Amino acid sequence: SSSAAKAQRNLLHRMLNFGSEARLGFEGFPADAGLYYTIVAELGVHAKVGANWGFHSPERNKGPRSESLVALWAATTEMLEQTSDAVSLADIYALWRKAPFGLKNGVMPVIALSFLLANRSRVAVYVENTFTAELTDANVDEWLQDPKRISWKWVRMDASAKRLLGRLADQLEAAMGRPVAAD
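Reading the values: the criteria
Residues numbered from 1 in each chain as written. Predicted model: local features only at pLDDT ≥ 70, side-chain atom pairs only at ≥ 80, totals over all residues. Heavy atoms only, no water. Pairing = 2+ DSSP bridges. Helix = DSSP H or I, 4+ residues; strand = E, 2+ residues; numbered from the N terminus. Contact = heavy atoms within 4.5 Å. Axes fitted to C-alpha atoms, helices over the stretch in contact; angles between N-to-C directions. Buried < 20%, exposed > 50% of the residue type's maximum accessible area, 1.4 Å probe, protein only. Polar contact = N/O pair within 3.5 Å; in protein donor to acceptor, adjacent residues only side chain to side chain.

**Q** Provide a residue-level description of the sheet that holds strand 5 (residues 130-132), including the pertinent values.
**A** Taken in spatial order, the four strands of this open sheet run 3-6-4-5, and their pairing is antiparallel. The open sheet has two edge strands with one neighbour each: strand 3 (87-88) and strand 5. Two strands pair when backbone bridges link them, and strand 4 (residues 123-127) and strand 5 are joined in this way by three bridges, in the antiparallel orientation. Residue pairing for strand 5: Val127 is matched across the bridge by Thr130. Relative to the sheet, helix 5 (residues 108-118) contacts strand 4 and strand 6 (150-154), its axis offset from that of strand 6 by approximately 35°.

Right under this line is the structure:
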């Protein structure tokens, strides 16, 4: 329905823009909040770790529903790691539709954005084969319209690149006066 599609779109935008807030900043129970509580929160992929809210691997959540999501997460990671090419979101969705996962189309964009946000330092996003450094609401709208136009590529870093990023994070931390994640 159009109201379900609107709630899904609103939730994706909220995930992208309010991921650092508890409950994505929802107050009350609009339709998009209902999707958040029944999918994202229930699966534990948006959680407080330490002092910060964000998107994380479902392995952190030991709930009864996280086991199948852990397997889906691992299969998606493996799919991305095993190729040097970008993988279309449509191909990822095809994997998710198959057994043992059997995901329905409506939930896939929410799970996809959760996966991407949890792995943002490891996954590069391409829109129509063009690298996109900053994920925007327009990019999310694009993948709702046609997941074939969106691709993900696993970022591989050698030891020297990791050391360089670590040093940059240390310098940034010193300049900002607060810890910086350097995945």
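**Q** Break down the side chain of His46 for me, with residues and values.
**A** Its location among the elements puts His46 in strand 1 (residues 46-49). On the basis of relative accessible area, His46 is assigned to the buried category, the value being 4%. Within the structure, His46 has its side chain in polar contact with the backbone oxygen of Gly19 (distance 2.8 Å). One polar contact links His46 to Tyr36, side chain to side chain, over a distance of 2.8 Å.

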